[in-house]
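Close look at the chain arrangement
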Amino acid sequence: MSGMTAVAMSGGLDSSVVAWMLSRGDEEIVGLSMLLWDRGEEVVHGRCCGALDLGDARRVAEQCGIPHYTLRMEKEFRRSVVDPFVDGYLAGTTPVPCTRCNTWIKFGLFLERARQLGAQRIATGHYARIVRAGDQFELHAARYRDKDQSYYLFELTQEQLSTSRFPLGEKTKDEVRSLAREVGLRVAEKGESMELCFVSGGIREFVEREAAARPEIGEIAAEGATVRDRAGTVLGRAEPYYRYTVGQRRGLGLGSPERLYVLGVDAGANEIVVGGREELLVAGLMGSPMHWIGERQTGEVEATVKIRARHAGVRCRVSTDEAGRTVVEFDQPQHGVAPGQAAVLYQGTRVLGGCWIESALENGS
Amino acid sequence: MAAEPLEIVFTGSGTEANNAVIESCCSVSHLETSGHLVVSAFEHPSIEESAARFEARGGRVTRVAPGTDGVVDWRDFAAAMEDDTRLACLMLANNELGTVQPVSQAAVSCREQSVPLLCDATQAAGKIEVNVVDLGADFLVLAAHKFHGPLGAAALWVSGRRDLTPLLVGGGQERRRRAGTLNVAAIVGLGTTCELAAAELDDRARLLAGLRDRFEAGLRTIGGALVHCADAPRLPNTSHIAFRDLSAEVLLIRLDLEGFAVSTGSACAAGAAEVSPALTALGLEEDEIRGSLRVSFGITNSPDEVDDLLAALGRVVSSLRQGALVARR
């Protein structure tokens, strides 16, 4: 491949191995790190943007013999990822900030900056695959499903896929770690970052802190949410509504003999609706207009849908209503359809695209 | 620099020297302090952050803003003094813009009002004449590495009129004004670099100004570049420029990849571009700040290198502008 490739380097294991792999070839490589969230003096390992991780990225780049730069994108990250995340929780939904970050930051602003810096394409440590089929670029799940990150990439476009590479898509985590050990990368023993990179501590505290710092949000509910069942019977009081997500069982503090789950969150009323596990089951979902990665498909499409990152997937039929919204009908009812999450459609390993979940389709509707 | 040997206190850095003077005059390290401090609004962080700490602990600070030419009006500076002003700080040349400040005029009025004046000459030393008698400040700071000397040695000149309470105690070094074993090798280097600078000052200034002027003249062929503070008295080595339509962060990296090291802020902040305090103090628009680059020339640079830099800058700027056109289509 001709021209320069920019590797997005977080200082973690995966992107470091990508930098190493590409730097062994004969193409020109530059390592770029993003400063997304200024942690100031806070020292937290395994989280991007800490001084320690940016330092690791720089030193790995040195080991690879490639130039390395850090790009400041805190403002854009806040605007495109953090603020919508907080807004999402305050609206009673369960946002997926990693998808927004991929769409707007990594494959948006970062790709644009990398091109301005003279790169023809970017490479990241995502576990997913890009397959060229004729003049189309297809997104596929990683070869090994346990690390697959394709769910978070469903909003990518042809343009973005055509200028991106995922060198880890065919690898297992063990292979990646062994490679790092073998060549002596300093991050070989680094742990996984499982939580959201910008939240340290609890999500609730984070949302409250952020809301307090944004005057336009105004007062948010400080008192506990009213908990009721579907019939409207008030069962008690819990924490404020934004503490809850559909399908959640813990933290309701009701002491009821039967196991109760959150069925819905009403932000305006500061109310949580709860019910038994069987009440969580829904027949499908309504979502935002479909984003198709390849050609837009019309009529009813059969696919497998994942309704959250760790969902096993269920067969479904997908169509569009008159308003252009996506209608997904499951072959078997599913529990935990949470507004704000993404519904991502697969055929085999291929990601067709997806939509943002707006509401559940009630049984029999 | 017309200083007496006994008036010099060697320190480990300019930052240490600035901190020592402010501590001595303003008791910044005390949990509670009081009184008033005057600084220009674009002092080096070693002064600005000391001022902020002074403020946080009960002191009052007046920050005197420069004009749009990057120069503080000494009358504004003089007018900022109050009855309980404990110290005034005015740098000799700004560390980002290179603009030379009216220290001697400010010193006259500080003396009239009995306010000690600290002049941070770190950026100026070795590039323009630094004469403590002519400047008339009470304290003056310079650091060796800013003019081809070694890292780790700085000089704090304390006027015979003033005392200095030591920041570091526990030894009788520097006539009890700075305890701790001296970094003799670096201090000898500082002495040598001062001697060389004094002997070659005029030649160096001519060389540097020639390189800078060549650069700024060449910029016109690239188009769309502003030179900040072009009409103000400036150090001969510094050119601070802005492309309103481009991001300095991108320019900096593209130039670095081509082998040219320039900066978006002060040299200390290279790599992670903070919003420049100097440019903010000038009151520039955000897009102008975002597109600002500092280019500094050294005595080892040649006119050919300036031409190479201009060629690289021209390539980068036109490729970015083309890219922006494509993106807009």
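Residues numbered from 1 in each chain as written. Chains lettered and ligands numbered in written order. Predicted model: local features only at pLDDT ≥ 70, side-chain atom pairs only at ≥ 80, totals over all residues.

Things to note about the confidence of the model for chain A
Stated formally: Along the chain, pLDDT gives the predictor's confidence residue by residue, from 0 to 100. Strands here are runs of E lasting at least two residues and helices are runs of H or I lasting at least four, both read from the DSSP assignment and numbered beginning at the N terminus.
Counting all residues, the mean pLDDT for chain A is 91, and 95% of those residues have values of 70 or more. Taken element by element, the predicted model of chain A shows its lowest mean pLDDT in helix α7 (residues 203-213) of chain A (87) and its highest in strand β17 (residues 342-347) of chain A (98).

Considering the interface of chain B and chain A
As a reminder of what qualifies: Note on contacts: each residue gets a C-beta atom placed from the backbone, and two residues are in contact if those atoms are within 7 Å. Note on residue classes: Ala, Val, Leu, Ile, Met, Phe, Trp, Tyr, Cys and Pro are nonpolar, Asp, Glu, Lys and Arg are charged, and everything else, Gly too, is polar.
Facing the 10 residues of chain B at the interface are 11 residues of chain A. Put simply, the parts of the chain that give the side of chain B that touches chain A at least two residues each are α8 (248-257) and α11 (303-328) of chain B. A per-element tally of the side of chain B that touches chain A places α8(B) first, with five residues. Of the residues contributing to the side of chain B that touches chain A, the split by class is six nonpolar, two polar and two charged.

Topic: the sheet that holds strand β9 (residues 238-243) of chain B
All names here are of chain B. Put simply, the rule reads: Here a strand pair is declared whenever DSSP counts at least two bridges between the two strands. Every angle, taken between N-to-C directions, lies between 0 and 180 degrees, and every axis is a line fitted to C-alpha atoms, over only the stretch in contact when it is a helix.
As summarised here, the arrangement of the three strands in space is β8-β9-β10, forming an open sheet in which the pairing is antiparallel. At either end of the open sheet lies a strand with only one pairing partner, and these are β8 (225-227) and β10 (292-296). Averaged over neighbouring strand pairs, the angle between their axes works out to 30° when direction is ignored. Those strands touched by helix α7 (residues 184-222) are β8, β9 and β10, and its axis lies near 15° from that of β9.

Looking at unusual backbone geometry
Residue and element names in this part refer to chain B. Condition: Each residue is classified by how many other C-beta atoms fall within 10 Å of its C-beta atom, where C-beta atoms are placed from the backbone; a count of 20 or more means buried, 12 or fewer means exposed, and values in between mean partly exposed.
Even without being a glycine, S27 presents a positive backbone phi close to 50°. On the secondary structure map, S27 appears in the loop between α1 (14-26) and β2 (36-40). You can call S27 partly exposed: it has 19 C-beta atoms within 10 Å. At R176, a residue that is not glycine, the phi angle is positive and equals roughly 60°. R176 gets classed as exposed once you count the C-beta atoms within 10 Å, which come to 12.

Overview of helix α1 (residues 13-23) of chain A
Most of α1(A) sits out of view: 10 of its 11 residues are buried. Looking only at α1(A), the buried set comprises A:L13, A:D14, A:S15, A:S16, A:V17, A:V18, A:A19, A:W20, A:L22 and A:S23.

Some details on α7(B)
Residues and elements named next belong to chain B. Quick reminder of the rule: Given a helix with a known number of residues, its expected span is that number minus one, times 1.5 Å. The angle between axes fitted to the seven residues ending at a residue and the seven residues starting there is what we call the bend at that residue.
In a regular helix each residue adds 1.5 Å, so 39 residues correspond to 57 Å; α7 covers only 47 Å between its end C-alpha atoms and thus falls short of that length. Remark: the principal bend of α7, roughly 70°, maps to E200. Burial in α7 covers these residues: I187, L190, T193, A197, R204, L207, L208, L211, R212, F215 and L219. With its phi angle positive at about 85°, G223 sits one or two positions after the end of α7.

So, the environment of B:A311
As for its position among the elements, B:A311 is in helix α11. Expressed as a C-alpha distance, the spacing of B:A311 and B:E112, which sit 199 residues apart in the sequence, is 52 Å.

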